[in-house]
Amino acid sequence: MTGPSGPRAAILIAAGLTAAATAISLGLVLAGLGVHWLIGTLLVVLFVPLTANLALSFWAAMAGFLGSLGALSVPGPQSDSEQISGRTAILIPIYNEDPEVVFANVQAMYESLRATGLSSSFDFFVLSDTTDPTLWLQEQAAWQTVCARTGGNGRIFYRRRPLNTARKTGNIADFCERWGSKYQYMITLDADSVLDGRTAVRLVRCMESNPRAGLVQTAAAFVNGRTLFSRCAHFAGSLYGRLDLNGQAAWQLGNGNYWGHNAIIRVEAFTQHCGLPAMHKRAPFRGHYLSHDFIEAALLKRAGWEVWLAPDVSGAYEESPPNLVDHLIRQRRWCQGNLQHLNLLAAAGLTPVSRLHLIIGICGQISGPLSLVFSAGLLVTSMHSPERSCWGGALSDCSLGWSAEWFSVACVVTMLFVPRLLGLIAALATSSVRTAHGGAIRIAASAVVEWVLSILLWPAMALSQAAFVITILLGRDSGWKPQRRDCAALPVREAARVFGGHTAAGAAMVGALCASVLPLWYWPMAVGLLLSIPLACVTGSETVDRRFRRRLLLTPEQTSIPPILARSDEVSRVLRGQVGRLSGRPVPEMVADPAVHAIHTLTSRIHPLRSWGCDDLLDDVRAKTSEGAELTSKDLNILLYDENVLSRLTDLQPERTEGETRRLDRHT
């Protein structure tokens with residue numbers, strides 16, 4: 001299980017030397033410009049986190065490129081055991097998601113596992129934190145339908161919490177406390193995740209062949225993109241991501257990271273060592289950790305367990321945000337979660353690599369605002385310098401300043417673009433990969449489209465990221481909103497609300513460029529900001545994407561749809577016909593449906609409010625009802641646990657036969 005540490009040392013040393021050389025060259029340029037030493041030092045300090053992150057990504061991609069050519073062996077967990085002895089729970093935490101899609105994925109995964117002949121070692125748990133009462137009732141109906149369709153009684157379980165204590169971490173912790181002792185392993189998925197049955201079996205074999213492995217993280221492929229924005233992300237992940245993942249695996253070895261889903265975890269180790277207390281400092285260091293996954297990986301490693309990234313394990317799939325606005329909403333939550341890790345950098349017992357993971361996450365969130373501040377500071381200093389520079393004027397007469405200036409520029413440009421170029425070369429050099437992406441010409445054209453859109457969208461992302469950091473440090477919480485997964489067109493009004501300030505900044509920059517106040521290399525940033533509203537709408541439009549879907553930005557999952565995804569899509573259409581009939585109906589009418597009433601009453605008895613310690617909440621809502629007060633969705637969620645209320649809502653409650661009662665009991 002323990003691989004050689006040579007690749008790790010080589011990558012980290014190369015990244016450190018590259019960052020140091022680039023920072024020193026910048027210092028020489030600033031000295032040649034006559035910048036005051038204090039201002040120069042501040043600019044170099046701003047520059048170091050940017051180049052350090054870039055350098056590590058660059059050298060990881062280089063290692064991944066060598067690995068793709070067979071010149072470097074990427075160590076990882078092995079899966080050579082023949083049988084499966086341990087039991088595994090597959091967890092799907094959901095929060096106000098589309099029930100038909102969630103349970104279609106569950107049915108497709110269940111059937112895929114059954115085809116391996118080893119499904120008896122796996123159980124599914126849909127762990128709901130849904131707050132919308134109509135979605136809650138639809139989830140129950142979809143669960144009952146899928147259990148009946150698959151014969152998955154006693155294998156597919158559904159549980160909903162009345163209170164979302166500690167959000168996703170609390171949801172998983174509740175499973176571990178109630179049922180974790182029955183399972184050796186758990187595979188954590190996201191609401192939109194799909195895992196092939198053979199992949200699930202391989203992950204379990206990885207754990208059983210490597211008794212020190214506490215967690216094995218897979219790299220999911222992005223699927224179901226129907227906008228230019230999402231498909232650009234999918235194409236980039238497919239073309240360049242494999243190099244980066246191989247490089248990460250080479251330097252992380254058994255001290256890898258956890259991304260919150262699409263991973264297998266040893267339940268006992270997780271339960272014993274990964275409990276996360278609430279924070280009690282001022283915001284944003286208050287409440288529960290949002291980016292819990294990095295911390296849980298660090299705690300497992302601190303306890304002596306190994307955490308592995310397995311880039312060669314395929315068969316895991318997930319979706320991504322359909323447009324720039326939804327991407328930024330998710331990024332806002334991640335930003336707050338990563339900044340909360342500042343609270344843990346000095347935690348006792350963490351390994352140096354675990355601390356490095358936390359630092360990388362923090363630097364990744366502050367890189368946008370740092371780059372803007374650095375660019376502005378560099379521009380001001382160069383414009384007020386008696387010497388001239390390519391950043392704000394002509395060039396220093398000092399040959400050392402000239403050389404250092406262009407060396408630092410060349411380093412940054414190389415680290416930004418060479419990994420993408422290597423990914424393109426690796427894809428073109430491998431016939432199977434080339435064919436899976438639509439052929440050489442389409443790959444090259446798609447790469448150009450992706451590069452151009454990335455350059456144009458980056459300024460809006462960086463400016464938004466700067467605003468995120470400021471608002472988070474001011475104590476504004478990101479909240480917990482469900483991710484939008486449909487491809488409805490992004491309204492122009494919403495794009496204008498989000499990017500109105502970006503457009504104004506872009507217009508000001510264009511004016512400054514036309515007046516020769518700014519150097520020419522600011523044009524891409526200015527154009528990206530000025531066009532941020534139409535760019536967000538066009539790249540987030542399914543209608544626009546239809547013109548390119550069969551020709552550009554193709555991925556292997558598009559050119560040859562995996563059977564499990566095709567099956568999930570087929571089941572989803574069936575469930576929409578069977579469960580979708582409940583959509584749009586008021587809650588009393590839904591509860592009056594005999595099938596819905598039966599399954600809801602039974603699940604409420606299995607998991608009554610008193611089992612969650614919430615009896616007082618029901619008393620409060622009953623009091624509001626008697627006073628004739630208006631009920632909120634939260635109140636209605638609590639009231640639906642009251643059997644007396646359910647009986648008053650409907651006169652259609654059926655008398656069940658003994659056989660029907662036994663059949664419904666098996667569902668829970």
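Parameters at a glance
- Residues numbered from 1 in each chain as written.
- Predicted model: local features only at pLDDT ≥ 70, side-chain atom pairs only at ≥ 80, totals over all residues.
- Heavy atoms only, no water.
- Helix = DSSP H or I, 4+ residues; strand = E, 2+ residues; numbered from the N terminus.
- Buried < 20%, exposed > 50% of the residue type's maximum accessible area, 1.4 Å probe, protein only.
- Contact = heavy atoms within 4.5 Å.
- Areas by Shrake-Rupley, 256 points an atom, 1.4 Å probe, with all protein chains shown as cover.
- Phe/Tyr/Trp six-rings, centres within 6.5 Å; stacked < 30°, edge-to-face > 60°.
- Pairing = 2+ DSSP bridges.
- Axes fitted to C-alpha atoms, helices over the stretch in contact; angles between N-to-C directions.
- Expected span 1.5 Å × (residues − 1).
- Patch = residues over 30% accessible without salt bridge, like charges linked within 9 Å, V, L, I, M, F, W, Y side chains within 5 Å.
- Salt bridge = Lys/Arg side-chain N within 4 Å of Asp/Glu carboxyl O.
- Left-handed = near helix turned anticlockwise from the far one by under 90°.
- Core = buried A, V, L, I, M, F, W, Y, C linked by side-chain atoms within 4.5 Å.
- Polar contact = N/O pair within 3.5 Å; in protein donor to acceptor, adjacent residues only side chain to side chain.
- pLDDT = per-residue confidence, 0-100.

**Student:** Hey, could you run me through the overall build of the protein in this one?
**Tutor:** Summing up its helical and strand segments, the protein has 27 helices and twelve strands in all. The proportion of buried residues among the 668 residues of the protein is 54%. Of the contacts made within the protein by residues no fewer than 6 positions apart, 82% connect residues no fewer than 24 positions apart. Here the protein has roughly 28300 Å² of accessible surface; of this, 60% comes from carbon and sulfur atoms.

**Student:** Mind showing me how you'd approach the side chain of Asn255 here?
**Tutor:** Along the chain, the position of Asn255 falls in the loop between helix H8 (241-252) and strand S8 (263-266). The residues touching Asn255, leaving out its near neighbours within four places in the chain, are Arg8, Lys301, Val307, Thr351, Val353, Ser354 and His357.

**Student:** When you look at the packing of aromatic side chains in this model, what are you seeing that I'm missing?
**Tutor:** Any pair of aromatic rings gets described here by the distance separating the centres and the angle formed by the planes. Following the criterion strictly, the structure yields eleven aromatic pairs and no others. Plain terms: the ring middles of Phe125 and Phe175 are 5.0 Å apart, the flat faces sit at 65 degrees to each other, and that makes the pair edge-to-face. Separated by 50 residues along the polypeptide, Phe125 in strand S2 (residues 122-128) and Phe175 in helix H5 (residues 167-178) bring together distant segments of the chain. For the pair formed by Phe125 and Phe175, the shared burial category is buried. Residues Phe175 and Tyr183 carry aromatic rings whose centres are separated by 6.2 Å and whose planes lie at 35 degrees to one another, so their mutual orientation is tilted. The burial state of Phe175 is the same as that of Tyr183; both residues are buried.

**Student:** It is not clear to me how the sheet that holds strand S11 (residues 306-310) should be interpreted in this structure. Could you clarify?
**Tutor:** Backbone-to-backbone hydrogen bonds join strands into a sheet, with any given pair of strands oriented parallel or antiparallel. Read from one edge to the other, the open sheet built from seven strands follows the order S3-S2-S1-S4-S8-S6-S11, with strand pairing classed as mixed. Here the strands that pair on one side only, and so sit at the sheet edges, are strand S3 (156-160) and S11. Each adjacent strand pair in this sheet contributes to an overall mean axis angle of 20 degrees, direction not counted. Of the pairings in the sheet, the one linking strand S6 (residues 213-218) to S8 comprises three bridges and is antiparallel in character. By the bridge assignment for S8, Leu215 is matched with Ile265.

**Student:** Please clarify how unusual backbone geometry should be interpreted in this entry.
**Tutor:** The phi angle of most residues is negative, glycine excepted, and most peptide bonds adopt the trans form. One non-glycine residue, Ala166, lies in positive phi territory at about 65 degrees. Turning to its location among the elements, Ala166 is positioned in the loop between S3 and H5. Looking at Ala166, the relative accessible area reads 15%, which means it is buried. Within the chain, Asn224 stands out as a residue other than glycine whose phi angle is a positive 65 degrees. On the basis of relative accessible area, Asn224 is assigned to the partly exposed category, the value being 43%.

**Student:** Explain helix H7 (residues 228-239) to me, please; I cannot follow it from the model alone.
**Tutor:** An α-helix turns once every 3.6 residues. As a result, residues three or four positions apart point the same way. End to end, H7 covers 16 Å across twelve residues, agreeing with the expected 16 Å (1.5 Å per residue, within 8%). With nine of its twelve residues buried, H7 lies for the most part within the structure. Those residues of H7 that fall on the buried side of the exposure criterion are Leu228, Phe229, Ser230, Arg231, Cys232, His234, Phe235, Ala236 and Leu239.

**Student:** Where do I start with a nonpolar patch on the surface in this structure?
**Tutor:** On the surface, a nonpolar cluster with roughly 310 Å² of combined accessible area is contributed by Val413, Leu416, Phe417 and Ile455. At three residues, the largest contribution of residues to the nonpolar patch is made by helix H13 (residues 399-429). Looking at the secondary structure, you find Phe417 in helix H13.

**Student:** So what exactly am I meant to see when it comes to the packing of H7 against helix H15 (residues 440-473) here?
**Tutor:** Relative orientation and spacing of two packed helices are given, respectively, by the angle between their axes and the distance between those axes. Running from amino to carboxyl end, H7 crosses H15 at an angle of 115 degrees, the nearest separation of the two axes being 10 Å. Crossing of H7 against H15: the hand is left-handed. Counting all contacts with H7, which are made through Phe229, Cys232, Phe235, Ala236 and Leu239, the residues of H15 involved are Ile443, Ser446, Ala447, Glu450, Leu453, Leu457 and Met461.

**Student:** Any chance you could explain the nonpolar core here in plain terms?
**Tutor:** Side chains of a nonpolar character, in soluble globular proteins, are inclined to be buried together. If you look at the biggest cluster of nonpolar residues, it comprises 66 residues, and the most contacted ones within it are Ile92, Phe103 and Phe124. Broken down by element, this core gets its largest block of residues, eight residues, from helix H3 (residues 99-116). Residues in contact with Phe124, not counting those within four places in the same chain, are Ile90, Ile92, Val106, Met109, Tyr110, Leu113, Arg155, Ile156 and Phe157. Formed by 33 residues, the second largest nonpolar core is a distinct cluster that contains Tyr183, Ile265, Leu300 and Trp305.

**Student:** Hey, could you run me through the sheet that holds strand S12 (residues 316-318) in this one?
**Tutor:** On the basis of which strands lie adjacent, the open sheet formed by three strands has the order S5-S12-S7 and mixed pairing. Where the open sheet ends on each side, the last strands, each with one partner, are strand S5 (194-195) and strand S7 (221-222). Relative to S12, S7 runs parallel, the two sharing two bridges. Paired with Phe222 across the bridge in S12 is Glu318.

**Student:** Explanation requested: helix H1 (residues 6-32) in the structure shown.
**Tutor:** In this model H1 runs 39 Å from its N-terminal to its C-terminal C-alpha over 27 residues, within 8% of the 39 Å that 1.5 Å per residue would give. Buried within H1 are the following residues: Pro7, Ile11, Ala14, Ala15, Thr18, Ala19, Thr22, Ala23, Ser25, Leu26, Val29 and Leu30. Once H1 ends, the next one or two residues include Gly34, with phi positive near 75 degrees.

**Student:** What should I look at first to understand the environment of Glu208 in this one?
**Tutor:** As for its placement among the helices and strands, Glu208 is situated in helix H6 (residues 197-209). The class of Glu208 is partly exposed, set by a relative accessible area of 21%. Spatially, the C-alpha atom of Glu208 lies 7.6 Å from that of Ile84, the residues being 124 residues apart in sequence. Of note is the side chain of Glu208, whose polar atom sits 3.2 Å from the side chain of Ser85.

**Student:** What am I meant to see in the pattern of salt bridges here?
**Tutor:** Two side chains of opposite charge can pair, provided their charged atoms sit close to one another. Scanning all chains against the criterion turns up 18 salt bridges. For Glu542, the salt bridge is made with Arg226, and the minimal N-O distance between the two is 3.8 Å. Within this pair, whereas Glu542 is found in helix H19 (residues 542-546), its partner Arg226 is found in the loop between S7 and H7, the two being separated by 316 residues in sequence. Relative accessible area serves as the criterion here: at 30%, Arg226 is assigned to the partly exposed category. Among the ionic pairs, Arg231 bridges to Asp545, the shortest N-O distance being 2.8 Å. Of this pair, Arg231 sits in helix H7 while Asp545 sits in helix H19, placing them 314 residues apart in sequence. When its relative accessible area of 1% is taken as the criterion, Arg231 is described as buried.

**Student:** For this particular structure, what's the right way to read the confidence of the model for the protein?
**Tutor:** Any residue range with low pLDDT should be treated as having predicted coordinates unsuitable for detailed reading. Residue-level pLDDT values for the protein average 85, and 89% of them are 70 or greater. Contacts of residues 388-402 to residues separated by more than four positions or lying in other chains number 37 contacts, the stretch itself having pLDDT below 50.

**Student:** Sorry if this is basic, but what is going on with the pairing of strand S4 (residues 185-188) here?
**Tutor:** Looking along a regular strand, one sees side chains alternate from face to face of the sheet. Side chains Tyr185 and Ile187 project from S4 onto one buried face, and the interleaved Met186 and Thr188 project onto a second face that is buried too. Taken together, the four bridges between S4 and S8 define a ladder with antiparallel strand orientation. Looking across to S8, one finds that Tyr185 is bridged to Arg266.

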